[in-house]
Amino acid sequence: MVDKNRNDSSGKNEELLSEHNILNKFQIFLDNNIQIIRNAVWIIGGIGLVIIVRRTYALHHFTKQSSIPEIYFRNNVTLTGKVVKVHNNGCLGILHLPLLWRARINYISNPDSSLLNVNVTGIELQSGGVDYLNTQLPNQNIKFQLLGKDECDNIESIISQNKGWLRRRSCINEEIISLGFATAKHVPALCDVKAYNLLIERLVKAEVKAVKKKSGIWKDDVNDGIFYRTWSWLKKKVFRR
């Protein structure tokens, strides 16, 4: 019995000694190769960072609507761009400015060939609407939030712009309606897009505000009863599914 206990104790001591030797060897290996290990960590981290950045939109320069992945539309990603032209129908020609391209934008030889066609979603331009867009947007940097595409493959989006010395962000979709240069227009294809539904509610309120203030096309609307008929018409037009 005593011999058996001694053998067990001896076996345990040998196991502990073996584990201790392994730990010592591992510690010695780390001490001898610490610089190599540090370099390897930095290299692996750098590779991982490059992969992450390449998979984000920070490095992607979109030059046509079809090159934008569908997941960007599903996630309603907001991109930065420069308005190069305003078409007669109010569609904007926007040069996409990814984060790491902005310093190189002046070196693009033919920007017109790289423009994205972007709609100011939820509006129907009225008298003075195109002129207003032409005075406010050309050569200006804007943000455009992706909502979807129309039947012509143009991008449906919410356009915003920083204005004033406080750089207050203004929604162009809402602003042009509140000034009476456009009316709210429902886009049935975007009914299931939450960002669009929130937008159209704001646009309806902006139009009612324009009617009350007699702004733009509403300035000659002097009959108070027209306001109520307009509001009733708007509800049917905008919220019809």
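Above this text you will find the structure in question.
**What to know about the side chain of Asn 119**
Inference 1: With respect to the helices and strands, the residue Asn 119 is situated in strand E3 (residues 116-120).
Inference 2: A distance of 3.5 Å separates a polar atom in the side chain of Asn 119 from a polar atom in the side chain of Glu 156.
Inference 3: Residues contacting Asn 119, with those up to four places away along its chain left out, are Cys 91, Asp 150, Asn 154, Ile 155, Glu 156 and Ser 157.

**Considering the environment of Phe 62**
Inference 1: Inspection of the secondary structure puts Phe 62 in the loop between helix H2 (34-54) and helix H3 (70-74).
Inference 2: As a C-alpha pair, Phe 62 and Leu 116 span 54 residues in sequence and 7.8 Å in three-dimensional space.
Inference 3: Residues in contact with Phe 62, not counting those within four places in the same chain, are Ser 67, Ile 68, Pro 69, Tyr 72, Leu 79, His 96, Ser 114 and Leu 116.

**Section: the pattern of salt bridges**
Inference 1: Tallied over the full model, the rule gives two salt bridges.
Inference 2: Close ionic contact of Lys 149 with Asp 153 constitutes a salt bridge, the shortest N to O distance being 3.6 Å.
Inference 3: The exposure class assigned to Asp 153 is partly exposed, which follows from its relative accessible area of 31%.
Inference 4: Salt-bridge contacts for Arg 202 lead to Glu 174; the nearest nitrogen and oxygen are separated by 3.0 Å. Linking Arg 202 in helix H6 (residues 194-213) with Glu 174 in helix H5 (residues 172-178), this pair joins segments that are 28 residues apart in sequence.
Inference 5: Residue class for Arg 202 comes out partly exposed when judged on its relative accessible area of 32%.

The rules behind each value
Residues numbered from 1 in each chain as written. Predicted model: local features only at pLDDT ≥ 70, side-chain atom pairs only at ≥ 80, totals over all residues. Heavy atoms only, no water. Helix = DSSP H or I, 4+ residues; strand = E, 2+ residues; numbered from the N terminus. Polar contact = N/O pair within 3.5 Å; in protein donor to acceptor, adjacent residues only side chain to side chain. Contact = heavy atoms within 4.5 Å. Salt bridge = Lys/Arg side-chain N within 4 Å of Asp/Glu carboxyl O. Buried < 20%, exposed > 50% of the residue type's maximum accessible area, 1.4 Å probe, protein only.

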